[in-house]
Amino acid sequence: MVEIRREIDSDQNELFQIHQDAFQRDDEAQLVDKLRQNVHYNFNLSFVALVKKKIVGHLLFTPLQINYPTSGKSITSLALAPISILSDYQRQGIGSKLIEYALHELKAQSYSSVIVLGHEHYYPKFGFLPAKKYHISAPFSLENEDCFLALELQTQALPLHDGQATVQYLPEFGI
């Protein structure tokens, strides 16, 4: 049985190992460590999955801005990244349960939207659509624009009539 809860400070070492194992490199693990050291880090945006009291997965959200230059509007949103499941626990639905739980919690906390750079066939099952349908583009070039996805947690959170928008990761997080 999978238990999901918010991250606590004592999870840090296990989370590094989970990201290292899941991606078979240190990049994502180091990114999470860098984000956790920031004064703006919010434990309410970080979730862990446990099996038999062992942490086997982690999912993190960080704030970002969606800017609409034509209208001058700017919307605070969240980036989903990274999500990692220990390799021995992958393909068992744990990642899906973690995402579903986290999105429910974010909605309850009144967050309005989420952006993810991820698999174009995986994330739509959670309601994500290609961000270009909301006139939102990534702040970097992509080989496949359909991998840059958006989800409205609140109805009409992403305006469709304010022109083209771009995502800006918040500089206070150093990304």
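Residues numbered from 1 in each chain as written. Predicted model: local features only at pLDDT ≥ 70, side-chain atom pairs only at ≥ 80, totals over all residues. Heavy atoms only, no water.

1. Some details on the nonpolar core
And then number 1: Among the nonpolar cores identified, the biggest contains 33 residues, and Phe61, Leu80, Leu103, Val114, Tyr123 and Phe128 are the most heavily contacted of them.
And then number 2: Breaking this core down by element, the ones donating at least two residues are α1 (12-23), β2 (46-51), β3 (54-68), β4 (73-85), α3 (94-108), β5 (113-117) and β8 (148-152).
And then number 3: Tallying contributions element by element places α3 first for this core, with 6 residues.
And then number 4: Counting 15 residues, the second-largest nonpolar core is a separate cluster that includes Tyr68, Ile75, Ala79 and Tyr134. (Core = buried A, V, L, I, M, F, W, Y, C linked by side-chain atoms within 4.5 Å. Buried < 20%, exposed > 50% of the residue type's maximum accessible area, 1.4 Å probe, protein only. Helix = DSSP H or I, 4+ residues; strand = E, 2+ residues; numbered from the N terminus.)

2. Let's talk about the UniProt feature "domain: N-acetyltransferase" (unreviewed entry) in the chain
And then number 1: Mapped onto this numbering, the UniProt entry annotates "domain: N-acetyltransferase" (unreviewed entry) at residues 2-154.
And then number 2: Here residues 2-154 runs as 24% helix and 35% strand, with 27 Å between its end C-alpha atoms. (UniProt positions renumbered as here; feature names shortened; annotations may be inferred.)

3. Section: the packing of aromatic side chains
And then number 1: Within this structure, the stated rule accounts for 8 aromatic pairs.
And then number 2: Centre to centre, the rings of Tyr123 and Phe128 are 5.7 Å apart; their planes meet at 80°, and the pair counts as edge-to-face.
And then number 3: Its relative accessible area of 7% is what places Tyr123 among the buried residues.
And then number 4: Judged by its relative accessible area of 1%, Phe128 is buried.
And then number 5: Ring geometry for Phe140 versus Phe148: centroids 6.5 Å apart, planes at 80°, classification edge-to-face.
And then number 6: Given a relative accessible area of 37%, Phe140 falls into the partly exposed group.
And then number 7: Pairwise contacts between aromatic rings join Tyr122, Tyr123, Phe126 and Phe128 into one cluster. (Phe/Tyr/Trp six-rings, centres within 6.5 Å; stacked < 30°, edge-to-face > 60°.)

4. Some words on the pattern of salt bridges
And then number 1: One pass over the structure, following the stated rule, counts 8 salt bridges.
And then number 2: Across the pair Asp162 and Lys73 runs a salt bridge, and its minimum N-O distance is 3.0 Å. One end of the pair, Asp162, is in the loop between β8 and β9 (165-169); the other, Lys73, is in strand β4, and 89 residues separate them in sequence.
And then number 3: Given the relative accessible area of 16%, Asp162 is considered buried.
And then number 4: A salt bridge links Asp146 to Lys132; the nearest nitrogen and oxygen atoms lie 2.9 Å apart. Linking Asp146 in the loop between β7 (136-137) and β8 with Lys132 in the loop between β6 (129-130) and β7, this pair joins segments that are 14 residues apart in sequence.
And then number 5: Three or more residues are tied together by salt bridges with common partners; here these are Glu7, Asp9 and Arg36. (Salt bridge = Lys/Arg side-chain N within 4 Å of Asp/Glu carboxyl O.)

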